[in-house]
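Residue-level listing of the chains:
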Amino acid sequence: TIGGGKPLWISHLTNQQHSIDTIEDGKRQVLVGPLPFVIRHAAYSRSGHLVYQRVGSNPGIWAVPVDPRTLKPSGEPFLVASGGLRPSVAADGTLVYVTDESWGQLRLSFLNRSGAVTRDVGEPRVGMKHPALSPKGDRIVYAAPSGERDDLWLLDVASGVSTRLTFNGTRGDPEWNLDGTQVFFSCGATGAEGGVEI
């Protein structure tokens, strides 16, 4: 665990200034910001970095070194992937992110640090988005159209087989809990679901 507990990373907007904060043991602390542009989708990496998406000025996936004991930045933010979207980090530090959210046939792939594809996972499908890699790196949950709305699907990395998780629609943004037994997601104000055990 980070800092002896299980912190919650949140994107926050106050007076048109954006920040990424952590909440641990009931105490809130600003990690990144406040900044005049949108920053969101924060994820912690075992490499000692907080990874997040930056929108607007110099968009892409950014990272900032973080002291795991104090949860305070220990260096300056730096660009990881120009134009990258929605980062997700596995327990071993593997980073996945979206490179294009346009509709069409999309496929999930693993890339090395130089950006070359090392492995495609699963079959291409229309409208796949919001991938989140499990802590062990063995499963990916993502959103994809099911009729007139999106639902969540669970992709087994080894077999490439996808299984449908939700049947009442979702707004997406899935996130795993720390031990990979649950997925949390946005369901909207009238949704009956807000999480699912795996």
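The structure displayed is predicted, hence computed values, not measured ones. (Residues numbered from 1 in each chain as written. Predicted model: local features only at pLDDT ≥ 70, side-chain atom pairs only at ≥ 80, totals over all residues. Heavy atoms only, no water.)

Student: In this structure, what is going on with the overall build of the protein chain? I would like to understand it.
Tutor: The secondary structure content of the protein chain amounts to zero helices and 19 strands. Relative to its 198 residues, the protein chain shows a buried fraction of 42%. Counted over contacts in the protein chain with a minimum sequence separation of 6, partners at least 24 positions apart contribute 26%. (Helix = DSSP H or I, 4+ residues; strand = E, 2+ residues; numbered from the N terminus. Buried < 20%, exposed > 50% of the residue type's maximum accessible area, 1.4 Å probe, protein only. Contact = heavy atoms within 4.5 Å.)

Student: Would you explain the nonpolar core in this entry?
Tutor: Note on soluble globular proteins: their nonpolar side chains tend to be buried together. Leu-108, Phe-110, Leu-133, Ile-140, Tyr-142 and Leu-155 are the most contacted members of the largest nonpolar core, which has 13 residues in total. Elements supplying a minimum of two residues to this core: strand S11 (105-111), strand S14 (139-146) and strand S15 (149-156). The element that contributes the greatest number of residues to this core is S14, accounting for three residues. Contacts of Ile-140, omitting those with residues within four sequence positions, involve Leu-108, Pro-131, Ala-132, Leu-133, Trp-153, Leu-154, Leu-155 and Val-157. Grouped together as the second largest cluster of nonpolar side chains are 12 residues, Ile-20, Phe-37, Ala-42 and Val-66 included. (Core = buried A, V, L, I, M, F, W, Y, C linked by side-chain atoms within 4.5 Å.)

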